[in-house]
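So the chains spell out like this:
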Amino acid sequence: MLHTVNKSPFERNALASCLAHATDGAAILLIEDAVYGATKGTSVAAKVEAAAAKCKVFVLGPDLAARGMSEDKLIDGITVVDYEGFVDLTVEHSVVQAWL
Amino acid sequence: MKFGILVNEGPYNHQAVDSAYQFAKAAIAKGHTVSRVFFYYDGVHNANKLLEAPQDERQIGKLWAEMAKEHGVDLVVCVAAGLRRGLKEETLAEGFRISGLGQLIEVGIQADRMMTFGD
Amino acid sequence: MSEVMDLPGDDEEYASGVVKKFMFVNRKAPHGSIYALEVLEMVLISAAFDQDVHLAFIDDGMYQIVKGQDPTGINQKNFSKTFRALDGYDIEKLYVEREGMEERGLTEDDFLVDVEVISQAEMAELMNGMDVVLSA
């Protein structure tokens, strides 16, 4: 399963709900406003770090860049992908669930 | 691989339709097929032919129509959601067609992957 | 038949022979936005395609099926009644997540339709087994 999340974790519970339902080996891709959840030092960073230990966590590079979030501020273990990488993730995982 | 895409939001107000477009473009660039994009909820507004964003901005409806023409993507607007929001044949942009929700379920059955972009 | 929503007729049968596991994930409350109503319209259409349909109510989505809704005062249709018509279309797999239910101070008796209350872990496993997940 590939989960996509597009909400800032400081505004809505989409990321929290996604993390609670992502099982071992699942992939999580943060896009749009959810990319703020990929940065170090936030109040949700511990939860995202824990998720990165059991799932694969990705963040969409163009959305990060658009928002001025530098890649060196990312939580360790999070991988940056572009839109083509996003497509590859959907090919690798048979089901995609959007947490809106 | 064949993709179906559901777009839940309208143009400009939310990034969902832009993300859907970038995804579709990348999928096609990688040799995949985007069989159908289904516009539902406020997503129907993307098919309004009267959309006229400032010239230096992206023309969302036109971008989809161009993709449809070049790559055979079927752009379907939900008839019921469209009528609710004043989107009908008279206001429909070129490249889109109006049909029922069954078209969404159908692509869900036929496509290898179903993607949702929304708010 | 429901008086509040147009339901699909038998003439809309679709024969592909392919049966996929569809899940409609409801995470949004009704009335404050149109998502709940239009998801339900999607669910009703899916009945004509003879697919294996599942409805998940998690987070605020479970407020869609609480008893006693009366949106006449806000000029909206009471589409919650339509959930009761779903079993007539062989859509009987409705799941509510226990953790979210307890978080909202709800119990199984608060729902207007028969649902299976399952744990978050069970919901996660159920989702993993789907072919198509649609959300709004």
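So, here's what we can say about the structure. All values derive from a computational prediction rather than experimental measurement. (Residues numbered from 1 in each chain as written. Chains lettered and ligands numbered in written order. Predicted model: local features only at pLDDT ≥ 70, side-chain atom pairs only at ≥ 80, totals over all residues. Heavy atoms only, no water.)

Focus on the overall build of chain B
Consideration 1: Along chain B, the regular secondary structure elements total four helices and five strands.
Consideration 2: Compactness check: chain B gives a C-alpha radius of gyration of 13 Å against a globular reference of 14 Å for 119 residues, within 12% of the reference.
Consideration 3: The contacts of chain B with a sequence gap of at least 6 include a subset with a gap of at least 24, amounting to 77%.
Consideration 4: For chain B, the accessible area works out to roughly 4,900 Å², and carbon and sulfur atoms hold 46% of it. (Helix = DSSP H or I, 4+ residues; strand = E, 2+ residues; numbered from the N terminus. Rg over C-alpha atoms; globule rule 2.2 N^0.38 Å. Contact = heavy atoms within 4.5 Å. Areas by Shrake-Rupley, 256 points an atom, 1.4 Å probe, with all protein chains shown as cover.)

Section: the pairing of strand β1 (residues 2-7) of chain B
Residue and element names in this part refer to chain B.
Consideration 1: Across the six residues of β1, five count as buried, placing the element largely inside the fold.
Consideration 2: As a crossover connection, the stretch from β1 through helix α1 (residues 16-29) into strand β2 (residues 33-39) is right-handed.
Consideration 3: Looking at chain direction, β1 and strand β5 (residues 113-117) are connected through five bridges and run parallel. Note on β5: the bridge partner recorded for Gly4 is Met114. (Buried < 20%, exposed > 50% of the residue type's maximum accessible area, 1.4 Å probe, protein only. Right-handed = clockwise from strand over helix to strand, strands pointing away. Pairing = 2+ DSSP bridges.)

Let's talk about the pattern of salt bridges
Consideration 1: Overall, the coordinates contain 18 salt bridges over all chains when judged by the stated rule.
Consideration 2: Two residues, A:Lys40 and A:Asp76, come together in a salt bridge whose shortest N-O distance is 3.9 Å. Of this pair, A:Lys40 sits in the loop between β2 (27-30) and α2 (45-54) while A:Asp76 is found in the loop between α3 (61-66) and β4 (78-81), placing the two residues 36 residues apart along the sequence.
Consideration 3: The closest approach of N and O atoms between B:Arg97 and B:Asp74, which form a salt bridge, is 2.8 Å. Within this pair, whereas B:Arg97 is found in strand β4 (residues 96-99), its partner B:Asp74 is found in strand β3 (residues 74-78), the two being separated by 23 residues in sequence. (Salt bridge = Lys/Arg side-chain N within 4 Å of Asp/Glu carboxyl O.)

Observations concerning the pairing of β3(B)
All names here are of chain B.
Consideration 1: Across the five residues of β3, five count as buried, placing the element largely inside the fold.
Consideration 2: In β3, alternate side chains face the same way, and those of Asp74, Val76 and Cys78 on one face and Leu75 and Val77 on the other are all buried.
Consideration 3: Taken together, the four bridges between β2 and β3 define a ladder with parallel strand orientation. Opposite Arg36, over in β3, you have Asp74 as the bridge partner.
Consideration 4: Handedness of the crossover joining β2 and β3 through helix α2 (residues 60-71) is recorded here as right-handed.
Consideration 5: Bridge count between β3 and β4: four bridges; the pairing is parallel. The residue bridging Leu75 from the neighbouring strand is Phe96, located in β4.
Consideration 6: In this fold, the crossover linking β3 to β4 by way of helix α3 (residues 79-84) has right-handed handedness.

Side note on the nonpolar core
Consideration 1: Core analysis: the largest hydrophobic core is formed by 93 residues, its most contacted members being A:Phe86, B:Ile5, B:Trp64, C:Phe24, C:Leu55 and C:Phe83.
Consideration 2: What C:Leu55 contacts, discounting residues up to four positions off in sequence, is C:Phe24, C:Asn26, C:Val43, C:Phe83, C:Leu86, C:Ile91, C:Lys93, C:Leu94 and C:Tyr95. (Core = buried A, V, L, I, M, F, W, Y, C linked by side-chain atoms within 4.5 Å.)

With respect to the interface of chain C and chain B
Consideration 1: Listed by partner, the interface residues are 23 residues for chain C and 20 residues for chain B.
Consideration 2: Of the roughly 1,800 Å² buried between chain C and chain B, counting both surfaces, carbon and sulfur atoms make up 59%.
Consideration 3: For the pair chain C and chain B, the interface holds three salt bridges.
Consideration 4: Here B:Arg85 and C:Glu38 are joined by a salt bridge, their closest N and O atoms 3.0 Å apart.
Consideration 5: Our enumeration of links across chain C and chain B arrives at 10 residue pairs in polar contact (both at pLDDT 80 or more).
Consideration 6: Residue assignment for the side of chain C that touches chain B shows that the elements contributing at least two residues are β1 (21-26), α1 (35-46) and β5 (132-135) of chain C.
Consideration 7: At eight residues, α1(C) tops the list of elements feeding residues into the side of chain C that touches chain B.
Consideration 8: A breakdown of the residues in the side of chain C that touches chain B according to their chemical character gives 15 nonpolar, four polar and four charged. (Buried area = accessible area lost by both parts, 1.4 Å probe. Polar contact = N/O pair within 3.5 Å; in protein donor to acceptor, adjacent residues only side chain to side chain. Nonpolar A, V, L, I, M, F, W, Y, C, P; charged D, E, K, R; others polar.)

Notes on the interface of chain A and chain B
Consideration 1: Residue-level contacts link 19 residues of chain A with 22 residues of chain B.
Consideration 2: Summed over both sides, the interface of chain A with chain B buries roughly 1,600 Å², with 59% coming from carbon and sulfur.
Consideration 3: Contact with chain B buries surface across chain A, with A:Glu32, A:Tyr83 and A:Val87 losing the most and accounting together for 31% of the total.
Consideration 4: Where chain A touches chain B, the interface holds three salt bridges.

Here we look at the side chain of B:His32
Consideration 1: By the element assignment, B:His32 lies in the loop between α1 and β2.
Consideration 2: Residue classification places B:His32 among the buried positions, given a relative accessible area of 16%.
Consideration 3: Only 3.2 Å separates the side chain of B:His32 from the backbone nitrogen of B:Met1, close enough to count as a polar contact.
Consideration 4: Setting aside anything within four residues of it in sequence, one finds B:His32 in contact with A:Val87, A:Val91, B:Met1, B:Phe3 and B:Ala27.

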